[in-house]
Amino acid sequence: MSSGTPSGSGYSRRVTPAQSFPEPTNTEAIRVIGRFEAGRGIPEAMRSDVRMLGALLGQVLRETGGDGLFDDVERLRLATIQAYDEETPDAFERAAAIAESFTVARADEVARAFTCYFHLVNLAEEHQRVRVLRERAGQPGREDAADTVATAYARLRTEVGDDEARRRLEGLRFHPVFTAHPTEARRRAVSGSIRRLSELLTQHDEASEGGSEQRRARRRMLEEIDTLWRTAPLRAQKPTPTDEVRTVMGVFDETLFTTVPHVYRRIDDALRGDDSGASAPVVPAFVRIGSWVGGDRDGNPFVTASVTREASQIASEHVLRGLERALDRIGRTLTLDAEGTPPSADVIALWESFVAAEPHAAAELATRSPDEPHRRVVLALARRVAATRRGDERRYGAPEELLADLRAVQSSLADAGARRHAFGGVQHLIWQVETYGFHLTELEVRQHSQVHAKALAELESGEPVSAQTEEVLEVFRAIADIQRDRGLRAAGRYVVSFTQSASDLAAVHRLAAHALGAHAPVLDVVPLFETFADLQAAPGILAEAVTYPEFRSRLAATGNRLEVMLGYSDSSKDVGPVAANLALYEAQEKIARWAQESGIELTLFHGRGGALGRGGGPANSAILAQPPHSVDGRFKLTEQGEVIFARYGEPAIAMRHIDQVAAATLLASSPTVEARTSGAAARYADVARIMDASSRERFFSLVKAEGFAPWFATVTPMEEIGLLALGSRPARRGLSVESLEDLRAIPWVFAWTQARINLAGWFGLGTALDAVGDEALLTEAYREWPLLRTMVDNVAMSLAKTDERIARQYLALGDRDDLAALVLDEMTLTRQWVIRLTGGEGLLENKPVLQRAVQLRSPYVDALSLLQLRALRALRAPASEQPAGSGADAEQQRLLLLSVSGVAAGLQNTG
């Protein structure tokens, strides 16, 4: 949360030594901290969790670093909290002076302590969310019931009738695509420790107050926090693409594999009440999970064809083990004797086939399950899935074969009267196979159009081809192998980055033919439109592409289905966040209209990031702001880095998120929503034109200013981010930053976030709104125009995580007062307009839960920012000021990288 600017002018004011400020007494510290927490409206249960976890961390700090370390952490913590209190106007300067007073070694320890604290606060907040969700479960009419699939379906029925609503529900599709994140700051080991702490916190909740189980849980939490403290917060080396694959697999193993069927069941329960579980469900398996991890080679030379093969193999191994365990578990429950639940002819045939193929295994199962035919058969199916995992002769050829066997068991149980079993546990198995197949994730390949052009030029020159071109061809062979082993859904989408012409898409089919001739894999080539110019040209490119024979053939085979990807990152870096949002809406509108007129079933694939500068923010509100026919019951988006674990890492939160997004996806194509969206877009078209032109001009005045790129690299930790062992993909395209074209969009956002400026998420909106000028008109537009409301609300969240006092300190690292003033003036103007439109006295007053989360963290993020600033100042200092051979640079770099990790944990997003 931003606070008032310190008195004084200029951008290079430094603080005075720490000794100039009297330290508060312990009594005063307790009073200040208590008042700060009380003023944030923190629920008592969460406050208790935060205090307990904080006290345990304090104990660990004392045990490992002595009272001195604990006292230093508390001094800085108290000062940053007091900096938000009008009664202590000098507190910010005191906090900065304390941060400057530490030795580098002590600053290192303090940064680690605050980072650990953030992990614990994030855990407590997640635990509170789960607590609230569980309290509300099964209570229709509560405030969260409005954005569920059940409520959306009921509303749709009133608008389009029962039959049409049912048809739309059957066609519902939610398709998140997990991607490796080159700025994911949290180590996998840290994530594991936090997950174990979460389980212990639940045990602590459930234990009797003061009892032995509660004491045991606290003791184990203390041990786990000690582990968290002692675990190196920085990776020693960059993860490989295979490491990244295994990290994402953890989400499936821990939550998604079992959670998604529970989502289907909960929706079916809400729609059908007591009939759910006793007859065929009305809810389809509407979730599909995609992955770029191990498939996205755009700018990442470490993702090779062999890596893609391995990624698919790892995912398949995980899902087959999961299905094997699930079949074994459900099979063991089917202790239904043949007399009361006679098997059908199909089930008898399944058993006889198993006996013929594996007589010894069949005899063992028959002994363990006497006169229990359904139990025996399902356990036999588990054996066959195990054979599939091992690649044995008895393996399934495709997941459809397992589905057929499960449906035979389901029909047999239903016909025999065991309907609760048929549509209970067996239905869950069917949903899992329908959702995940034998591949788990639908692996997608992405490559840059220029790489394809270069490869084709080499192949058609008649000269020997380069190793890079041979690798391009090998990718198509890998896709063909994966499709042969695991089915078409396992791989086949091929995303072309920086699509600028229809020939860029045709190049993929030409390369596939070079690789395998008539045996080329089945490909769904997906254009990715990223820059402002490419977004504008998209409809024309698509119209030409679908005339090519390969596209016509694939459209005919899929019922005229076509996928188009839109990039949020580069368009925002290209023209600024306001113009980019408006351009994305216009592009979607035109593409959707073209698809409607051409009889094409369109799926728009949104390349959104976690940060607001990359299209982040609440997905459900963004869906409801999309143009008519651009959703039509299908929503696909990228989920990156820390967002994957925040949305899908905890079962209750994952269920809630999927339900919310699916509800918005279903509702977005309702007549009232489409009428409201299209009507508002037409009504406020002139406002949009003014905002577009003025915001773009303002953005260009900054980023096109002479010397902007090196100035940006100086006033943010941009250069140092490249030193972090975060992801396998390089953070930038070249060795230095001389222009924005050298820089990838993700670290562009990450660097501004670290500097507490968040410029990529808001710059230009204040000028755009000011250019319109009519506050009454803009207030009406904010209320009636979903696109503007979403944009303003997201900017409010972005600005709430900024701090002008700290921003000034970062901007002072450069020598361009003109650019610093431009940034700060726009920040002030944007904040003023956002508050005027959203109401209240400050940011996020219309979203109190979110406001509480941001305000709770702000003082602690400030502490890490101040430590980061001292490191940056030292690293930016002339070499003559560093003692020869002191190794000071290495020490300051480590401190800076520790603070980067901590700030990312505190703000809960990176890029």
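For the structure itself, look to the data block above.
Not measured: the values here are computed from a predicted model. (Residues numbered from 1 in each chain as written. Predicted model: local features only at pLDDT ≥ 70, side-chain atom pairs only at ≥ 80, totals over all residues. Heavy atoms only, no water.)

Chemist: Just checking my understanding: could you explain the side chain of histidine 657 for this structure?
Modeler: Take histidine 657: it is sitting in helix 26 (residues 651–667). For histidine 657, a relative accessible area of 10% translates into the label buried. Not counting the four nearest positions on each side in its chain, histidine 657 is found in contact with Phe174, Glu639, Arg647 and Tyr648. (Helix = DSSP H or I, 4+ residues; strand = E, 2+ residues; numbered from the N terminus. Buried < 20%, exposed > 50% of the residue type's maximum accessible area, 1.4 Å probe, protein only. Contact = heavy atoms within 4.5 Å.)

Chemist: How should the sheet that holds strand 7 (residues 601–607) be read in this particular structure?
Modeler: Strands in a sheet are paired, the pairing made by backbone hydrogen bonds, and the direction either parallel or antiparallel. If you walk around this closed barrel you meet the eight strands as 1-2-3-4-5-6-7-8, and the pairing is parallel. In this structure, strand 3 (residues 442–448) lies alongside strand 4 (residues 491–497), joined through five bridges in parallel fashion. For leucine 443, the partnering residue across the bridge sits in strand 4 and is alanine 491. Contacts from helix 20 (residues 532–545) reach strand 5 (524–529) and strand 6 (561–567) within the one sheet, and its direction differs from that of strand 5 by about 150°. (Pairing = 2+ DSSP bridges. Axes fitted to C-alpha atoms, helices over the stretch in contact; angles between N-to-C directions.)

Chemist: When you look at the pairing of strand 6 in this model, what are you seeing that I'm missing?
Modeler: Each regular strand displays side chains that alternate between the two surfaces of the sheet. Of all seven residues making up strand 6, six are buried, and the element is well covered by its neighbours. Pairing between strand 5 and strand 6: two bridges, direction parallel. Its bridge partner lying in strand 6, phenylalanine 529 is registered against leucine 566. Pairing geometry for strand 6 and strand 7, over seven bridges, is parallel. Directly across from glycine 567, in strand 7, lies its bridge partner glycine 607.

Chemist: In this structure, what is going on with the packing of helix 20 against helix 23 (residues 577–598)? I would like to understand it.
Modeler: How two helices pack is summed up by the angle between their axes together with the distance between the axes. One way to put it is that helix 20 packs onto helix 23 with a least axis distance of 9 Å and a crossing angle of 5°. Considered as vectors, helix 20 and helix 23 are oriented roughly parallel to each other. Counted together, Phe532, Leu535, Ala538, Pro539, Leu542 and Ala543 of helix 20 and Ala583, Leu584, Ala587, Lys590, Ile591 and Trp594 of helix 23 form the full contact between these two elements. Looking at the contact of helix 20 with helix 23 residue by residue, the classes come out as 11 nonpolar, no polar and one charged. (Parallel < 35°, antiparallel > 145°, perpendicular 65-115°, else oblique. Nonpolar A, V, L, I, M, F, W, Y, C, P; charged D, E, K, R; others polar.)

Chemist: In this structure, what is going on with the packing of aromatic side chains? I would like to understand it.
Modeler: Geometrically, a pair of aromatic rings is defined through the distance of the ring centres and the angle of the planes. One pass over the full model with this rule turns up 23 aromatic pairs. Relative to tyrosine 648, the ring of phenylalanine 178 has its centre 5.3 Å away and its plane inclined at 50°; by these criteria the two rings are tilted. With phenylalanine 178 in strand 1 (residues 173–179) and tyrosine 648 in helix 25 (residues 642–648), the pair connects residues that are 470 residues apart, well separated along the chain. In textbook terms, an aromatic cluster arises when at least three aromatic residues are bridged by ring pairs, as seen for Phe178, Phe252, Phe257, Tyr436 and Tyr648. Across the ring face of tyrosine 396, the terminal group of arginine 384 is positioned such that the distance to the ring centre comes to 4.0 Å. The residue whose ring lies beneath lysine 704 is phenylalanine 700, and the NZ or CZ to ring-centre distance is 4.8 Å. (Phe/Tyr/Trp six-rings, centres within 6.5 Å; stacked < 30°, edge-to-face > 60°. Lys NZ or Arg CZ within 6 Å of the ring centre and 35° of its normal.)

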